[in-house]
There are 2 protein chains.
Amino acid sequence: MLPRGRPRALGAAALLLLLLLIGFFLLGGDLECARRARGGPGSFPCALTPRIPPDGRPRGAAALDRHPQTDRGAHNRSDCARRGRCRCLPSARPALVLTEICQPQCLPLPQLLHVAIVCAGHNTSRDVITLVKSLLFYRKNPLHLHLVTDAVARNILETLFHTWMVPAVRVSFYDADELKAGALAPLLLPSLPPTPSSQGMGFMPCPSHPQPQVSWIPNKHYSGLYGLMKLVLPGALPPDLARVIVLDTDVTFASDIAELWASLLTFLPQAAPSCPPLPDEQVIGLVENQSDWYLGNLWRNHKPWPALGRGFNTGVILLWLDRLRQAGWEQMWRLTATQELLTLPATSLADQDIFNAVIKGHPALVQPLPCVWNVQLSDHTLAERCYLEAADIKVIHWNSPKKLRVKNKHVEFFRNLYLTFLEYDGNLLRRELFGCPSPRPPEAEQLQQALAQLSEEDACFEFRQQQLTVHRVHITFLPHEPPPPRPHDVTLVAQLSMDRLQMLEALCRHWPGPMSLALYLTDAEAQQFLRFVEASEVLSARQDVAYHVVYREGPLYPINQIRNVALAQALTPYVFLSDIDFLPAYSLYDYLRASIEQLELGSRRKAALVVPAFETLHYQFSFPTSKADLLALLDAGSVYTFRYHEWPRGHTPTDYARWREAQAPYRVQWAVDYEPYVVVPRDCPRYDPRFVGFGWNKVAHIMELDAQEYEFLVLPEAFTIHLPHTPSLDISRFRSSTAYRDCLQALKDEFLQDLSRHYGAAALKYLTALQQP
Amino acid sequence: MLPRGRPRALGAAALLLLLLLIGFFLLGGDLECARRARGGPGSFPCALTPRIPPDGRPRGAAALDRHPQTDRGAHNRSDCARRGRCRCLPSARPALVLTEICQPQCLPLPQLLHVAIVCAGHNTSRDVITLVKSLLFYRKNPLHLHLVTDAVARNILETLFHTWMVPAVRVSFYDADELKAGALAPLLLPSLPPTPSSQGMGFMPCPSHPQPQVSWIPNKHYSGLYGLMKLVLPGALPPDLARVIVLDTDVTFASDIAELWASLLTFLPQAAPSCPPLPDEQVIGLVENQSDWYLGNLWRNHKPWPALGRGFNTGVILLWLDRLRQAGWEQMWRLTATQELLTLPATSLADQDIFNAVIKGHPALVQPLPCVWNVQLSDHTLAERCYLEAADIKVIHWNSPKKLRVKNKHVEFFRNLYLTFLEYDGNLLRRELFGCPSPRPPEAEQLQQALAQLSEEDACFEFRQQQLTVHRVHITFLPHEPPPPRPHDVTLVAQLSMDRLQMLEALCRHWPGPMSLALYLTDAEAQQFLRFVEASEVLSARQDVAYHVVYREGPLYPINQIRNVALAQALTPYVFLSDIDFLPAYSLYDYLRASIEQLELGSRRKAALVVPAFETLHYQFSFPTSKADLLALLDAGSVYTFRYHEWPRGHTPTDYARWREAQAPYRVQWAVDYEPYVVVPRDCPRYDPRFVGFGWNKVAHIMELDAQEYEFLVLPEAFTIHLPHTPSLDISRFRSSTAYRDCLQALKDEFLQDLSRHYGAAALKYLTALQQP
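What you see is a predicted model, and the numbers here were worked out from it, not measured in a lab.

Novice: What exactly am I supposed to notice about the state of the cysteines here?
Specialist: What makes a disulfide is a covalent bond joining the sulfur atoms belonging to two cysteines. All names here are of chain A. For the structure on display, the rule yields 4 disulfides over all chains. For C460, the disulfide goes to C743, at an S-S distance of 2.3 Å. Here the S-S torsion is close to -105°, and the disulfide linking C460 with C743 is therefore left-handed. Here C460, found in the loop between α15 (442–453) and α16 (461–468), pairs with C743, found in helix α27 (residues 738–759); they are 283 residues apart in sequence, far enough to count as distant. Like C743, C460 is buried.

Novice: Is there a simple way to explain the environment of P512 of chain B in this structure?
Specialist: All names here are of chain B. You can see P512 is positioned in the loop between α17 (504–510) and β15 (515–521). Taking the C-alpha atoms as reference, P512 lies 46 Å from P238; in sequence the two are 274 residues apart. Setting aside chain neighbours within four positions, we find P512 in contact with R542, D544 and Y589.

Novice: Would you mind going over the layout of surface pockets with me for this structure?
Specialist: Empty space among the atoms becomes visible once a probe the size of a water molecule is rolled across them. Residues and elements named next belong to chain B. By volume, the second largest pocket is sized at about 910 Å³. Around the second largest pocket, the lining comprises 39 residues; the ones closest to its centre are H221, Y222, D250, N399 and S400. Contributions of two or more residues to the lining of the second largest pocket are made by β3 (113–119), α4 (122–138), α7 (224–228), β6 (243–247), β9 (312–320) and α12 (351–361). Broken down by class, the residue content of the lining of the second largest pocket amounts to 14 nonpolar, 17 polar and 8 charged.

Novice: Could you clarify how one ought to interpret the sheet that holds strand β25 (residues 720–722) of chain B in this entry?
Specialist: Pairing between sheet strands relies on hydrogen bonds along the backbone, with the strands arranged either parallel or antiparallel. Residue and element names in this part refer to chain B. If you walk across this open sheet you meet the 4 strands as β18-β25-β20-β21, and the pairing is mixed. The sheet is open, and its two borders are formed by β18 (582–584) and β21 (639–641), each paired with just one other strand. The mean angle between the axes of side-by-side strands here comes to 35°, regardless of whether they run parallel or antiparallel. Note: strand β20 (residues 613–616) against β21, 3 bridges, orientation antiparallel. Bridge assignment links E615 to a residue of β21, and that residue is Y640. Against the sheet, helix α23 (residues 627–636) contacts β20, β21 and β25, and its axis sits at roughly 95° relative to β21.

Novice: Could you clarify how one ought to interpret empty space enclosed by the protein in this entry?
Specialist: Residue and element names in this part refer to chain B. Applying the stated criterion across every chain yields a total of 18 cavities of 30 Å³ or more. The space that makes up the second largest cavity amounts to roughly 80 Å³. What lines the second largest cavity is simply R126, I129, T130, K133, L422, H474, F477, D523, A526, Q527 and Y551. Breaking the lining of the second largest cavity down by element, the ones donating at least two residues are α4 and α18 (523–535). In terms of residue count, the dominant contributor to the lining of the second largest cavity is α4 (4 residues). Across the lining of the second largest cavity, the residue classes tally to 5 nonpolar, 3 polar and 3 charged.

Novice: Where do I start with the packing of aromatic side chains in this structure?
Specialist: Counted under the stated rule, the structure contains 63 aromatic pairs over all chains. Members of the aromatic cluster, connected to one another through ring pairs, are F137, Y138, F421 and Y424 of chain A together with F137, Y138, F421 and Y424 of chain B. R323 of chain B extends its terminal NZ or CZ atom over the ring of W320 of chain B, reaching a point 3.7 Å from the ring centre. Lying over the aromatic face of W164 of chain B, R472 of chain B brings its terminal NZ or CZ to 5.7 Å of the ring centre.

Novice: So what exactly am I meant to see when it comes to the nonpolar core here?
Specialist: A general feature of soluble globular proteins is that nonpolar side chains tend to end up buried together. Counting 130 residues, the largest nonpolar core has L247, F253 and F414 of chain A together with L247, F253 and F414 of chain B as the members making the most contacts within it. What F253 of chain B contacts, discounting residues up to four positions off in sequence, is L131, S134, L135, Y138, L247, L260, W373, K394, V395 and F421 of chain B. Ranked by size, the runner-up nonpolar core spans 115 residues in total, among them F463, M503, F582 and F642 of chain A.

Novice: Help me out: how do you make sense of the pairing of strand β14 (residues 490–497) of chain B in this one?
Specialist: On any regular strand, side chains alternate: one points to one face of the sheet, the next to the other face. Residue and element names in this part refer to chain B. Of all 8 residues in β14, 8 are buried; the element is thus mostly enclosed. Every second residue of β14 is oriented toward a common face, with V490, L492, A494 and L496 on one face and T491, V493, Q495 and S497 on the other, all of them buried. Across 4 bridges, the pairing between β14 and strand β17 (residues 574–577) is parallel. Opposite V493, over in β17, you have L577 as the bridge partner. Sheet analysis places β14 next to β15, joined by 6 bridges and oriented parallel. Residue pairing in the sheet places Q495 in a bridge with A518 of β15. A crossover links β14 with its parallel partner β15, the connecting element being α17, and its sense is right-handed.

Cut-offs used in this document
- Residues numbered from 1 in each chain as written.
- Chains lettered and ligands numbered in written order.
- Predicted model: local features only at pLDDT ≥ 70, side-chain atom pairs only at ≥ 80, totals over all residues.
- Heavy atoms only, no water.
- Disulfide = S-S within 2.5 Å.
- Helix = DSSP H or I, 4+ residues; strand = E, 2+ residues; numbered from the N terminus.
- Buried < 20%, exposed > 50% of the residue type's maximum accessible area, 1.4 Å probe, protein only.
- Contact = heavy atoms within 4.5 Å.
- 1 Å grid on protein atoms, 1.4 Å probe; cavity = no way out; pocket = protein on both sides within 12 Å on 5 of 7 lines; lining within 4 Å.
- Points joined across faces, edges and corners; volume = space filled by probe spheres on them.
- Nonpolar A, V, L, I, M, F, W, Y, C, P; charged D, E, K, R; others polar.
- Pairing = 2+ DSSP bridges.
- Axes fitted to C-alpha atoms, helices over the stretch in contact; angles between N-to-C directions.
- Phe/Tyr/Trp six-rings, centres within 6.5 Å; stacked < 30°, edge-to-face > 60°.
- Lys NZ or Arg CZ within 6 Å of the ring centre and 35° of its normal.
- Core = buried A, V, L, I, M, F, W, Y, C linked by side-chain atoms within 4.5 Å.
- Right-handed = clockwise from strand over helix to strand, strands pointing away.

This is the structure in structure tokens:
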């Protein structure tokens, strides 16, 4: 514990040591209680009400430990207790003990398990989702996730969990930025003299507005300040939350987390609430660090933070929160950190250094966990000693900055476990839990009822089922910088699936402005997409393109639901509603912004600016750089107006002849089947989600714009060109199936009825127009 | 046990009962041994050498139970024994016992586990793969699969396991058709008088050439005769195989099969080898049947086969084979079946009826297993009693003919577990086992070495890695009828991925002959493909189209490896090597066969018949019905010669001008970059697998045909037309990446060197030709 090196710091250190000893004494507390005989698990000599009753179910302060749904009435509770179901769990003894005797713990079911994770940014949010998938795959208990996030991660994860609708999972968010730099000054900062209040090491009540902070700690670890936030969890989590498992975002579960939770029950007993805690009461569960880092012999002058032996790894932590709070954890770690920072310039391994330093001073705090609960795959890992002997690997920890590229001769094995969850279809995790009731979120319940009301006899059953499907949505799947606020800015909005990835580079070259693109993908495809972007210089250079993944489910392509995700995530005042097979004129982005400004759209009129659409049939194609160029190609037959051969009426109202000559924007009237590509304000009507698969998905949207009295203004210099592609599966189905065409007709009719209901007599014109041959 | 109904059968039944009693007496055997005191598990009063020694490792006759790799030397064995590793396993008591106390069994690791599955046909082969994926996902032990298959399933599964290369998995095949109708007559057939030999119920040595049979048993169950084959496994499996787990193809594991294997250790003890078995020795482990079927009260006059209470379900069976053989199992079940068939017309539930009838007569044979090991999801299942109480579901059994469409309010839960493995990426199961060594198959070992020799510094590392990748191959993924042998028949050979599924219907309309199509898919995509075919009338009507799935792995498209799979599976003497974006002339199939016959290709000359290639740029296109039609479209500019705008040299040597006028086949000469679509004998050279991604994959093949002195003969009436599609990802990469183009050049150079090495001076012409500008 003596500070190493730097003799000039010895004086300060001696002072600190003295303070520490005083603190220790205070921590030890009431001498009467300190004299208590130590009992084995289950004996609580000083306690009036044991915190962990014999049935293993916490009461009182540990209320949050319970699953609220199973606690609704005494009947339910007693019913569960009466059944006395329990699961066999191996003992929490280290697996390295070869003569291990199997002594299972019995964990009553269902118990709500609490998991806390610190998460910031786009990339880490993806990691958390993989971790959560592995958790959910093996879990059999309700889970409450406590996510400490920055604004980016919160936005992503809130949307994800809201659309995921996993039964028996609750999610709470905590603001990481508040924790990072709260108002409380660090205790005993070397530059500050100790004040009376900051010396209090005894029993500090949990602050009602927790204001701990970590940003004062110099840190060299790649996880940054977020890594340090695990230290402040006892203060940041709800005061009545008694126990929690804290996980790094780079761990993967290979077993049921309930087995780990059960280890908490093996912690040495605590004092009664009226007594200060026993000095050697266990409050933190950790696995030994599987490297020689803390032995301090890795290189000459290698000075790690102090630790017991190899120290402990903090990728997986069991925290007995109420005991920690009572023990004055906040003060304990701050004092230790401050003291160590007198001689060490910064933490090297973030929170882990501080946890280890605290444990070095208070070894009895820690309950060592079996190595299999945190198999560490860093570069110089000693994990092989653990996993080659262990029958079962429970948690893998990718604790090298190289992650899956770490050098390890068994990396393929671990990689495959990780990829299992990375690519696992998250929809399959929407399964309910057996045991006690595992209620779905209310939205999921409504949805279930709506689905149950569908008749399988209905010829359009598949269409209606697809419309009702709520797709998991992962917004800003990749790092993204929101565009600066500009009053006339336009975001290109489009949707695509895997077979159109090759359009993205060209699109980026043609549209230098912000884009909001929704991708309809499976979980596995989302990873392919990620690799595709990372391999592309063009794509990885663009931070203003937001990619939103809508996860595939169901047989029909929910085109309008996907478009609505892209539209909802556009952040500029205007949006250009495009399709992925089109490349806009190089100048379009600038031209649109100028036109919006010039036409004073924001203030003066509700307009949809029409971008005339063309098409080429050639794979290799020299894109026109001006309207004159385009007209020359048109005259030469290298370019046609869009769908000239197959479906000219979709764009006839644009009036291409007039456009040839036009110098100024001109107004055109809606007509049947009109489906131009338009620029509209971001708050325009959404696409109607009933249109899934092929047909009427854009026609209906344009009709609704017209019903809302948007003017259609054709821009004289704007154009966009469609490139050749394989016909879609849905168009093939439309052509080959009468049932498909009949359903589309039924959906059209229902849409028109809804239109009449909404817009009254004004909508009659659509019915009339459509009835004409 | 008294036969119900039909009083006229009573006499025969009484006779049989007498025989049965005699048999029972013989079965009981040696009275000396019968008087032995019954001990608990672990006591072997009559045995000189207990079969299950205290360390739980079988010896002697159970040699096959051991993993051969860990038995190579005494050192290895003792090393494993010394380590004494064991895993905690919950006890095998029924989970319905609510007051269950957790008493784990310790299973020594690694132990080779044996699993037997009966499998016939294309669809069941797919089911088996899903089952095996679930087994492999949770297993931690080496596995030996004993697959009783028909020829179709064997062909599929042999190829699959060969290319899958899962470490620590051995597969043995047994001929189901041999077992179905062997030479042995059934015992005591009602129409046959009992013969002296067929009355022997005592100790029959296992026949050295087992010839049991089941085809004499009338059976109404949907599984057909294959279901009954589980009865003959004790005779069909190797005589030294002591224990096995028998699984139906419609079960899914949700836990480690080792836990089930451990239940075998809890069976009541057996006699010493010199003694006949105890009459109440347990030899079969089964879960109770979770329906009221065997209670016989489902409808008026419902007459099920006899059973103990609800009887047992045979979807999951533990068989103690050596004990069964000693007990004269073969005779026992034949006698019972024959007797019951006097009063019952047929089995309703195949083998399960007979197992239950035998157990009714010999209740001590059975060790009841916890219900969670066979959660039966049939229509009127009582499984809810099991799974709502159980903490852990271990095995799901889809024992309704409706399978996933079964009516069950929790079906979503079970469906999601099933889909997990249906869609699981089987490549991830190639992971090694920890514990004792888990050797890979020799091919996998060689591959590993080759991969290890690649340098990550090599600019073409990705290409070379992709070339070396062995893809899992599932041939004839869907039901397929091989074409009848015809000397001039032609199979259309092509490959595709998901984005070209929409071509299949049109292709089927254009090509009425056999096709061999390889699909490059993920496991999840393979299921989408299956649904696509099932939903298409055109596709599901065609039994002469063979679909072979090549499972995706790696970033580059291994186009030539995929083509080679399709080519290898073509079963006609000739193949038309096409691409999926082409539609052949309607008459092409007939015309090609006529041309092959006319040109006497088989006997007279080694030729490649060139089918001239055209293209249309339009999505909707009226396909020409004759050469004259085509020429008219060509003149009108609706059709071009293939790649006329982008890459005319690929087809220039075909000489389209000559083709316009040609009345007879004409010979053309190879030239640089020639890549026509050709008809060749099935034994033509394979495509060079080094060409992955875009470029030279077909050019190199045509060059090799030329090097082997194939004549290129252009057919005057043949044509095929390319439809528009999205440019491939690989062509985009080729265009945008210098490194990609450089690698392709390196691969070309290496190919030409190999060509020179193979064909000597004759191959110089290619080098010379390519060096010209």
